[in-house]
Amino acid sequence: MDGTPMDAVDQETFEQIRDAVRRFTQERLIPAEREVEETDTVPDAIVAEMKELGLFGLSVPQDYGGMGLTLSQEFEVIAEVGQAALAFRSVFGTNVGIGSQGIVIDGTEAQKAEWLPGLASGEVVASFALTEPDAGSDAGGLRTRAVRDGDDFVINGSKRYITNANRATILSLMARTDPDAKGPRGISAFIVPTETPGITIGKHDHKMGQRGTRTCDITFEDVRIPAANMIGGEAMLNQGFKTAMKVLDRGRIHMAALGVGQSRRLINEAVGYALERKQFGQPIADFQLMQALLADSQAELYASECLSRDAAARFDAGQRITLEAACAKMTATETAGKIADRAVQIFGGAGYMTEYPVERIYRDVRLMRIYEGTTQIQQLIIARNMLDRHRNGTRL
Ligand code: COS
């Protein structure tokens, strides 16, 4: 599988995009964080500016109206926007990542032509509908059924914690098409327009952090969609789990970029505070125990950046990166958690107060070690791949 878009943007154009996103993040998003936290909503004006900047189409190939960034380039852009409250990225993140990539990777030409231009412009919003009440980490255990009926499939079941469900125009939905097949086999992926009769989107969930993001349950009652909506066409019958896993491999680099973005922000906040805050007659930055907290954070951030960039480059060079993406996602998100904890410690009592952003970021980053595959699932993926490689004769 070659992950490099044929029409990848050149270095100069990429740098312009990255710099524009950096300015937008610093000058527009970060100053609006408190409003998002208080209203639990990303302002419409900011969503409109995101569309103008092309953020919804970062990963959609240029032939379909997107920017066609490579995964390495997407990593750098997401690490910039990831410095701001995670709610902002979440607005367009499913279009860039898990919502659209099933169509980009495995969709038919007709499916790409129908949906990708709208996804790139932000006119269409896509959610990734995999998780269910009884199928979280065990995604292969999903029970939502899609039963063939003439030229259609009829879907029944439910999905849980679906990001952007109440903003979505379409769902990339995984459903069981072979009831006799066990676990991950017998699952197909579909494009399901959310206006189809029989779909009910629940109220949005109230979470520990990441205010302004939207996750909802979805129920399907005799939802009828054309068989032509199977991602990749009927040749992909019962192959949908693999589509979902390929999407998640790629998505995990996007998650690593968010971990890197949040870690950079936390370090900037912590260093700034340590230089200003005085105790015992001098800035706390002068104390070696404070310096140790900062130094460990910087070293771990650097490790996350290097690891994630290497994994993204391997993907762009056409390699399968299941193990590397899991390493990057696990390392960068666990690192963000550790750096958030240290940042609160450096701020002391002030770090526990809502007045300072580190209190919110501490809560926001907690989810990163859970969504798009928990740390424990990343460990499982890494170990399974290590064992397979060893069995196949590969040694480090
Ligand atoms: N790329 C391509 N194919 C893949 C793949 C990948 N990254 N990972 C697995 N597959 C294939 C396997 O090769 C296997 O194919 P065959 O049937 O031809 O042998 C098939 O998919 C089933 O894989 P496996 O046997 O490994 O499935 P399991 O159920 O044992 O485990 C895990 C899969 C646990 C890794 C998977 O369920 C997972 O990632 N869970 C977490 C889900 C998640 O991240 N949820 C977050 C919410 S969605 S945002």
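Up top is the structure these notes are about.
For the structure given in this document, a descriptive report is provided here. All figures in this text were calculated on a predicted structure; none of them were measured in a lab.

1. Examining the overall build of the chain
Secondary structure summary: the chain contains 12 helices and 9 strands in total. Here the C-alpha atoms of the chain give a radius of gyration of 21 Å, agreeing with the 21 Å that 2.2 N^0.38 yields for 396 residues. By principal-axis analysis of the C-alpha atoms, the chain measures approximately 80 × 55 × 45 Å. In the chain, which comprises 396 residues, the share counted as buried stands at 57%. A sequence separation of at least 24 residues applies to 76% of the contacts in the chain between residues at least 6 apart. Accessible area of the chain: about 17500 Å², with a carbon and sulfur share of 51%. Separation between the mean location of the 44 positive side-chain charges and that of the 54 negative ones in the chain comes to 6 Å.

2. Describing the packing of helix 5 (residues 86–96) against helix 8 (residues 240–276)
Contact pair helix 5 / helix 8: the axes reach a minimum separation of 12 Å and the direction vectors enclose 165°. In this view, helix 5 runs roughly antiparallel relative to helix 8, as classed from their interaxial angle. Along this stretch, helix 5 crosses helix 8, giving a crossing that reads as right-handed. Across from Leu-86, Arg-89, Gly-93 and Val-96 in helix 5, the residues of helix 8 making contact are Arg-250, His-254, Met-255, Leu-258 and Gln-262. Looking at the contact of helix 5 with helix 8 residue by residue, the class counts come to 4 nonpolar, 3 polar and 2 charged.

3. Brief notes about the pairing of strand 5 (residues 187–193)
Working note: regular strand, side chains alternate between the two faces of the sheet. For strand 5, a buried count of 7 out of 7 residues is recorded, marking the element as mostly surrounded by other parts of the structure. Neither face of strand 5 is exposed, since Ile-187, Ala-189, Ile-191 and Pro-193 on one face and Ser-188, Phe-190 and Val-192 on the opposite face are all buried.

4. A closer look at the pattern of salt bridges
Once their charged atoms are close, side chains differing in charge can pair, the charge on each being opposite to the other. Considering all chains together, one arrives at 27 salt bridges under this definition. The closest approach of N and O atoms between Asp-19 and Arg-18, which form a salt bridge, is 3.2 Å. Each of the salt bridges in this network shares a partner with another, and the network as a whole consists of Glu-33, Arg-265, Glu-269, Arg-360 and Asp-364.

Cut-offs and rules
Residues numbered from 1 in each chain as written. Predicted model: local features only at pLDDT ≥ 70, side-chain atom pairs only at ≥ 80, totals over all residues. Heavy atoms only, no water. Helix = DSSP H or I, 4+ residues; strand = E, 2+ residues; numbered from the N terminus. Rg over C-alpha atoms; globule rule 2.2 N^0.38 Å. Buried < 20%, exposed > 50% of the residue type's maximum accessible area, 1.4 Å probe, protein only. Contact = heavy atoms within 4.5 Å. Areas by Shrake-Rupley, 256 points an atom, 1.4 Å probe, with all protein chains shown as cover. Lys, Arg positive; Asp, Glu negative; His and termini not counted. Charge placed at Lys NZ, Arg CZ, Asp CG, Glu CD. Axes fitted to C-alpha atoms, helices over the stretch in contact; angles between N-to-C directions. Parallel < 35°, antiparallel > 145°, perpendicular 65-115°, else oblique. Left-handed = near helix turned anticlockwise from the far one by under 90°. Nonpolar A, V, L, I, M, F, W, Y, C, P; charged D, E, K, R; others polar. Salt bridge = Lys/Arg side-chain N within 4 Å of Asp/Glu carboxyl O.

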